[in-house]
Structures are given as structure tokens and as C-alpha cells.
Amino acid sequence: MTEDMANQAESQNKCPACGGEMVFDPELQTLHCTYCGHKAAVEVQTGTILEYDFETAENTANLNWGAVKKVIHCNNCGAETVVDGSSAAAQCAFCGSSHIIDQDSGAGIAPESLIPFKINKNTALDNFNAWIKKRFFAPRALKKSYRSEGISGVYVPFWTYDADSESNYRAEAGTYYYTTEKYTVRKDGKSETRERRVRHTRWYPVHGRFARHFDDFLVNASRQVDDKLIRKIEPFDLNELVQYQADFLAGFMAEKYSIGLKEGWAKAQKEMDKQLYSEIRSHISADEVRRLNVNTVYRNIKFKHILLPVWISAYQFNNKVYKFLVNGQTGKVHGEAPVSFWKIAGLIAAVLALIAILIIVFS
């Protein structure tokens, strides 16, 4: 970092009243001084949130994050996080390790928009407390004495993609028709002839074209927060996206995307293909569809880089770390909790005892 950049880093987010650190306050949606309480408005830009051409992104993408930023790398889990240039982060938000170093690499493509944090730190922890108390199979000792290892507000990176799709498909469509057949049964020692309705399927080839536009198809760009985990705290209301400003990151971190633009598109395309396959099956007017083959071409691909707010932390129990997430927009919680062997054994014993009692009673 040059001397000029270092001076900028020292002055950014400084309180004009006392020189203390200004951080973004999720409740007030303003910058707030942690020392004297001075507040400063964050002017939300009202311009159009742009989308960019996928094919030319490598040459034209915006790399300016709007303030002096640096990337820190965790030697334990490999996470790379974008923080203020003056920040002295003490630990990794994803694994709690203190083995972090400044990274020389840039922060990558700048975000186009984000959803600001709406849930503050105390509310996030309160929501976690309520969540862990509802874990029936969690050990009783955990609910009384778990120890939070700290919680960090992290903007998790996502890509959104727009695309026009055109699919050519071939399949076999089946329509039902019915016939009546006779059959014989024995009743009271005599043969009786009866009738029944039998369903058949008439198969015939079909083919055609199917067009669909995908808008803001969301793809997780983080390897630290896997898809299954992030889906548990969804949805995020993308209607609340605002234009990216560095002020929203004051006091928070932003994970550097570890799934790049092209890899993200490959993920998106797989999910789009699945949706198209399902929609084309429904589109074919038939009772059944088999041997469906779809060939899709995607055109006019656009993208944007967005950040979504997540409180990330871990708690330690019996020397093992368990992670949890809190949606920074809605407060929804999901995490990992240990399971009590004795509670499970007790439940199994109770079920077996109930079965034994029922057997005795009904026998």
C-alpha cells in the first residue's frame, strides 16, 4: 500500500466530531461513531442498478470498491475477506482462526448492489439463543453453558444472471385410452363373468421449441458458506437491493468471491437446464412424457455482483466447533447443534417400552 493510500485508509470512516471509528448501524441505517455517538446519514444512491455483459466482463468489469480496501487470507480455512484498508482483523469470520495475513491480490469485481444489514449483532445472538433452546436432541448442558466464540457481520457474495434461452426438444408423449375387458371369478363355487376398465397409453413422437427469459438468477459465489447452509436462511428480499456504497461495509466484512464469474455461470446453467427440463415436460400436452431430450442455447447473458448480509459465528461444545448463520435481513437462523446420545437412547427406550406395553395389552 502506498503512503497516499495508507493516509486514505486511516481517514476513511473517521468521525468528524471526535476522530473515532464510524460503523454502519443496521437499526438506524446510518453511520454511527463507536466513541461519541455521532451519526451521519448514508445517502442511498437512486440510480439504476446496472447489469453487465458476460462475454466482455474480463476486460470491462469495474474493480473499484469505492474506498481503500485490502484482502485478508485465512491460512486455516482459506477464506479471503475484503476489509477496510485500516482494519486489523483479529480472526477469521468463517472458522475463528487467528492465523490470518494480508493478501496482495485485489478484491476482484466490485459489487453492483447489496442488501444492507437490517439485523444488529445483539438481535442476531438473541435469535440464536432462541433457536438453540428449541433443539430437542441438543445436550442439556449446551443450552445452559454454551460459549459463543464471537459473531461477525459478513456480506456474502452472489452472482445474478439474466439470459434468454431457446430450447429444441424431442420426446415421446403418451395419452391414455381405456378399454373394457371381461374376466372370470369364482363365487360360492360358481364361475361369474365380470367386466373391468383397463387403462392403456398411446405413444407418439413430439418435438418443438421452448423460449424462456431468466431474470436475476441467483448463484452463491462463496465456498465458505455452502449452498445447503445458505438455503436454510433464505429467502432474501432482492427488492431491497440498493446501489453499492463503501459506507455500508463500515464495521463489516465482505467475503471475496471464491466462485468466479464463469464458474458461477456454469452453476447457474445447470440449474436453469433443470428448470427448463421440468417446464418443457409440463408444456407438452400429454398424460405422460418419456425420453425427453432438450438442447438449449443461451444468449444475451448479463450479470451483476451483489452482496447479501449474514451474521456468521460458531460456538464451542466439548472441544468441537459448531457453526451457525443468521440472515442479516430477516433474522432467520440455521446452524449445527450436537446431539445428546443419552436423549436419543432415552427416546428409543421409551418407544420400545410403549411397543412392549401395547403388545401385552392387545395379546
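Residues numbered from 1 in each chain as written. Predicted model: local features only at pLDDT ≥ 70, side-chain atom pairs only at ≥ 80, totals over all residues. Heavy atoms only, no water.

Visitor: Before we move on, can you summarise the overall build of the protein with the specific residues and values?
Guide: In terms of regular secondary structure, the protein is built from seven helices and 15 strands. By residue count, 40% of the 363 residues in the protein fall in the buried class. The long-range share in the protein, meaning contacts at least 24 apart out of those at least 6 apart in sequence, stands at 74%. Surface exposure of the protein reaches about 20,600 Å², of which carbon and sulfur atoms provide 49%. (Helix = DSSP H or I, 4+ residues; strand = E, 2+ residues; numbered from the N terminus. Buried < 20%, exposed > 50% of the residue type's maximum accessible area, 1.4 Å probe, protein only. Contact = heavy atoms within 4.5 Å. Areas by Shrake-Rupley, 256 points an atom, 1.4 Å probe, with all protein chains shown as cover.)

Visitor: How would you summarise helix 6 (residues 261–283) if you had to cite specific residues and measurements?
Guide: In this model helix 6 runs 31 Å from its N-terminal to its C-terminal C-alpha over 23 residues, within 8% of the 33 Å that 1.5 Å per residue would give. Leu261, Gly264, Trp265, Ala268, Met272, Leu276 and Ile280 are the residues of helix 6 that are buried. (Expected span 1.5 Å × (residues − 1).)

Visitor: Outline the environment of Phe128, supporting the account with residue identities and numerical values.
Guide: Considering the arrangement of structural elements, one finds Phe128 in helix 3 (residues 121–133). Sequence-wise, Phe128 and Lys332 are 204 residues apart; in three dimensions their C-alpha atoms are separated by 8.9 Å.

Visitor: Before we move on, can you summarise the pattern of salt bridges with the specific residues and values?
Guide: Counted according to the given criterion, the structure contains 12 salt bridges. Glu166 is the salt-bridge partner of Arg209, the closest N and O atoms lying 3.7 Å from each other. On the criterion of sequence distance, the pair formed by Arg209 in strand 10 (residues 190–220) and Glu166 in strand 9 (residues 147–187) is long-range, its members being 43 residues apart. With relative accessibility at 32%, the residue Glu166 sits in the partly exposed group. A salt bridge links Glu172 to Arg291, with the shortest nitrogen-to-oxygen separation between them at 3.2 Å. Of this pair, Glu172 sits in strand 9 while Arg291 is found in strand 13 (residues 288–317), placing the two residues 119 residues apart along the sequence. Judged by its relative accessible area of 21%, Glu172 falls in the partly exposed class. Judged by its relative accessible area of 63%, Arg291 falls in the exposed class. Through salt bridges with shared partners, a single ionic network connects Glu51, Asp216 and Lys304. (Salt bridge = Lys/Arg side-chain N within 4 Å of Asp/Glu carboxyl O.)

Visitor: Outline the sheet that holds strand 1 (residues 22–25), listing residues and values.
Guide: Read across the open sheet, the three strands follow the order 1-2-3; overall the sheet is antiparallel. Each edge of the open sheet is held by one strand with a lone partner, namely strand 1 and strand 3 (39–41). Each neighbouring strand pair of the sheet contributes to a mean axis angle of 30°, computed without reference to strand direction. (Pairing = 2+ DSSP bridges. Axes fitted to C-alpha atoms, helices over the stretch in contact; angles between N-to-C directions.)

Visitor: Got a sec to walk through the pairing of strand 1? Specific residues and values, please.
Guide: Where strand 1 meets strand 2 (residues 30–33), four bridges bridge the pair, whose relative direction is antiparallel. If you follow Met22 over to strand 2, its bridge partner there is Cys33. Linking two consecutive strands that pair antiparallel, namely strand 1 and strand 2, is a turn of four residues; a positive phi of about 60° is found at Gln29 within it.

Visitor: Mind laying out the side chain of Ser165, listing which residues take part and the relevant values?
Guide: If you trace the backbone, Ser165 turns up in strand 9. From its side chain, Ser165 meets the backbone oxygen of Arg212 in a polar contact 2.8 Å long. Ignoring anything within four residues of it in the chain, the contact list for Ser165 reads Phe210, Ala211, Arg212, Phe214, Leu276, Thr296, Val297 and Tyr298. (Polar contact = N/O pair within 3.5 Å; in protein donor to acceptor, adjacent residues only side chain to side chain.)

Visitor: Provide a residue-level description of the nonpolar core, including the pertinent values.
Guide: Counting 33 residues, the largest nonpolar core has Trp65, Leu114, Tyr155, Phe248, Leu249, Leu307 and Trp311 as its most contacted members. At the level of secondary structure, the elements contributing two or more residues to this core comprise strand 1, strand 2, helix 3, strand 9, strand 13 and strand 14 (320–327). The next biggest cluster of nonpolar side chains, apart from the first, holds 29 residues, and it includes Trp159, Tyr161, Ala163 and Ala221. (Core = buried A, V, L, I, M, F, W, Y, C linked by side-chain atoms within 4.5 Å.)

Visitor: So what's going on with the state of the cysteines? Which residues, and what values?
Guide: One pass over the structure, following the stated rule, counts zero disulfides. Cys36 supplies the cysteine sulfur nearest to Cys15, a cysteine that is in no disulfide, at a spacing of 3.7 Å. By relative accessible area, Cys15 is classed as buried at 4%. Its sulfur unpaired, Cys33 is 3.5 Å from the next cysteine sulfur, which belongs to Cys18. Classification of Cys33 by relative accessible area gives buried; the value is 1%. (Disulfide = S-S within 2.5 Å.)

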